[in-house]
Amino acid sequence: MIEILNLLPVLAVAIAMNIGTGIYYNIGTKRIHFSFQTLFYGMGKAGIISAAFIGLAFCFEATDLSSIGVTPKFIMTSAIAIYVTKAMNSLSKILGIDIVDKQNGD
């Protein structure tokens, strides 16, 4: 459980980066008007997703599934990786960098 609590600030930073870069991209690049309703909706989604990852980490720690490689740290690191990736995608759009989708050949 200590691992989960230690990784919460990192998850919070990753979520904040995702929200910040998303707002900047949509307002600064796409010229979409700012909406508090959309902001709160997005923050609510991030909160629910974060709570789900924390809950999963707690459940996996309580049931000790580490024997199959699933640990609370792995789950929290996965959540952090998802939000950092989303922030990097928004940042690349802001900077005008094309992301190549190798799966679709784009």
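Residues numbered from 1 in each chain as written. Predicted model: local features only at pLDDT ≥ 70, side-chain atom pairs only at ≥ 80, totals over all residues. Heavy atoms only, no water.

A. Up close: the side chain of S90. Along the chain, the position of S90 falls in helix 3 (residues 72-94). With relative accessibility at 12%, the residue S90 sits in the buried group. Once residues within four sequence positions are removed from consideration, S90 is found in contact with T21, G22 and Y25. (Helix = DSSP H or I, 4+ residues; strand = E, 2+ residues; numbered from the N terminus. Buried < 20%, exposed > 50% of the residue type's maximum accessible area, 1.4 Å probe, protein only. Contact = heavy atoms within 4.5 Å.)

B. Highlighting the packing of helix 2 (residues 36-63) against helix 3. Close contact between helix 2 and helix 3 brings their axes to 8 Å; oriented N to C, the two are set at 160°. If you check the angle between helix 2 and helix 3, you find them roughly antiparallel. For the element pair helix 2 and helix 3, the recorded crossing hand is right-handed. Across from K45, A46, I49, S50, F53, I54, L56, A57, F60 and E61 in helix 2, the residues of helix 3 making contact are P72, I75, M76, A79, I82 and Y83. Of the residues contributing to the contact of helix 2 with helix 3, the split by class is 13 nonpolar, 1 polar and 2 charged. (Axes fitted to C-alpha atoms, helices over the stretch in contact; angles between N-to-C directions. Parallel < 35°, antiparallel > 145°, perpendicular 65-115°, else oblique. Left-handed = near helix turned anticlockwise from the far one by under 90°. Nonpolar A, V, L, I, M, F, W, Y, C, P; charged D, E, K, R; others polar.)

C. Spatial organisation of the environment of N6. Tracing the sequence through the fold places N6 in helix 1 (residues 2-29). A relative accessible area of 53% means that N6 is categorised as exposed.

D. Representation of helix 3 in the model. With 23 residues, helix 3 extends 33 Å from end C-alpha to end C-alpha; this agrees with the ideal 33 Å at 1.5 Å per step. Buried within helix 3 we find P72, I75, M76, A79, I80, Y83, A87, S90 and S92. Tucked inside the fold, the buried residues of helix 3 contact helix 1 and helix 2. Directly after helix 3, the chain includes G96, whose backbone phi takes a positive value near 75°. (Expected span 1.5 Å × (residues − 1).)

Keep in mind that these numbers describe shape and distance, not what the molecule does.
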